[in-house]
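# A structural walkthrough
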Amino acid sequence: MTELYILDVPENTAVAKAAAEDPAATVGQVGPYFVISAEGPIVIDRRATGCRHAVWYSCVAGVARTGRITQHDKDALRVEPA
Amino acid sequence: MTELDHRVRGVDHVAFPTFDPAATVRFYRDVLGFPVVHSICAAGWGPEDHPDFIHFFFDIGNDDRIAFFYYFGTDPSLGGPEGAKGDVHGRFGADVPEYFVRSRHLAIHVENEEDLLEYRRRLDASDWPVEMQIQHETIESIYTHDPNGYFFEITRAMRPVTPQEDLDAALTIDALLDVVAQPEPTFGKLLARKAELIVERAPGWEPVGSEPAR
């Protein structure tokens, strides 16, 4: 189980939306955070988000200990089971 | 969580040394249009070998001020050997990373994009043109170096800060304090600790001033 938290602010909406494209991932809400969860890896395509540089590299608010970020670069954000 | 009342009212002044008062006045007063609002002409005094000096202030808006010291009879060698990087006060070797050299800087606030671009126009017409214009997460900034080598930023908010960002900032700092109290802090450990704090505190969070849930 992997869980990725993203703060719900206008710049980050596209990130949560892109995450929801993956049928294996579910997007919920806890307080003012989006929670993206999946049994396996969570992969978000940078281009699908249209985020500018600074937003893309600062969009992650938290990653539950059951997972870890294995890629966060110009192409994608990938969180995999730890 | 602090319960202390918050009484301070912004920056009174921030002060830097200069060895080139002519260029400094040209940059701040003549190029940027920051009025000279105060100056002190002082004979050297005190126990040390203190030179005579001028302490002069420019208004940076909101009654806040940037101030300079010019010490008569001195030159940049006062601060030690010339650095490959940095400014007249902070000198660094060629091997010091640029992100570290630039980390300490002053950013002056403007209200909107129009004002940001007006200062860009003024700088671009001067000897100190804008070196970078960047949209960060929620602010947009222009950067140059002033005549003393000080890294100088003017910035505008692209939108107001939202209440949830205050919550997020508080969680970040609490997570950071937890992580740096342990050996080998990493970004990954911070995000893991922050996830725990989010689960703990975010569900009950309500923006200040919002209606209680019924």
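The sections below set out a description of the structure shown in this document. These numbers were taken from a predicted model, which means no experiment stands behind them.

Moving on: the interface of chain A and chain B. Often, the extent of an interface is quoted as the loss of accessible area upon association of its parts. Opposite the 21 residues of chain A that make contact, chain B presents 23 residues. Where chain A abuts chain B, roughly 1,700 Å² becomes buried across the two surfaces, and 61% of that area is made up of carbon and sulfur atoms. Broken down residue by residue, the surface that chain A buries against chain B is led by Tyr 33, Arg 52 and Arg 65 of chain A, which jointly contribute 28%. Taken together, the connections running from chain A to chain B amount to 2 salt bridges. Where chain A packs against chain B, one counts 9 residue pairs in polar contact (both at pLDDT 80 or more). Sorting the residues of the side of chain A that touches chain B by element identifies strand E1 (2–7), helix H3 (53–56) and strand E5 (62–63) of chain A as the ones contributing at least two each.

What follows deals with the side chain of Glu 11 of chain A. With respect to the helices and strands, the residue Glu 11 of chain A is situated in the loop between E1 and helix H1 (13–20). With a relative accessible area of 19%, Glu 11 of chain A lands in the buried category. Polar contacts involving the side chain of Glu 11 of chain A include one to the side chain of Arg 159 of chain B, which spans 2.6 Å. Discounting chain neighbours no more than four positions away, the residues touching Glu 11 of chain A are Cys 51, Arg 52 and Val 55 of chain A together with Glu 137, Thr 138 and Arg 159 of chain B.

The way to describe two aromatic rings as a pair is by their centre distance and the angle between their planes. Residue and element names in this part refer to chain B. What the rule picks out here adds up to 19 aromatic pairs over all chains. With a centroid separation of 6.1 Å and 35 degrees between ring planes, the pair formed by Phe 16 and Phe 68 is classed as tilted. Taken as a pair, Phe 16 in strand E1 (residues 13–17) and Phe 68 in strand E4 (residues 65–71) lie far apart in primary sequence, 52 residues in all. By relative accessible area, which is 17% here, Phe 16 ends up buried. Using a relative accessible area of 0% as the deciding quantity, one classes Phe 68 as buried. On the numbers, 5.3 Å between centres and 85 degrees between planes, the contact of Phe 27 with Phe 152 is edge-to-face. Taken together, the residues span a long stretch of sequence, with Phe 27 in helix H1 (residues 21–31) and Phe 152 in strand E10 (residues 151–157) at a distance of 125 residues. Across the pair, Phe 152 and Phe 27 agree in class, each one buried. Put simply, the rings of Phe 16, Phe 27, Tyr 28, Phe 34, Phe 56, Phe 58, Phe 68, Tyr 119, Trp 128, Tyr 150 and Phe 152 pair up and form one aromatic cluster. Sitting over the face of the ring of Tyr 119, Arg 122 holds its NZ or CZ atom 4.8 Å from the ring centroid.

Calculation criteria
- Residues numbered from 1 in each chain as written.
- Chains lettered and ligands numbered in written order.
- Predicted model: local features only at pLDDT ≥ 70, side-chain atom pairs only at ≥ 80, totals over all residues.
- Heavy atoms only, no water.
- Contact = heavy atoms within 4.5 Å.
- Buried area = accessible area lost by both parts, 1.4 Å probe.
- Salt bridge = Lys/Arg side-chain N within 4 Å of Asp/Glu carboxyl O.
- Polar contact = N/O pair within 3.5 Å; in protein donor to acceptor, adjacent residues only side chain to side chain.
- Helix = DSSP H or I, 4+ residues; strand = E, 2+ residues; numbered from the N terminus.
- Buried < 20%, exposed > 50% of the residue type's maximum accessible area, 1.4 Å probe, protein only.
- Phe/Tyr/Trp six-rings, centres within 6.5 Å; stacked < 30°, edge-to-face > 60°.
- Lys NZ or Arg CZ within 6 Å of the ring centre and 35° of its normal.

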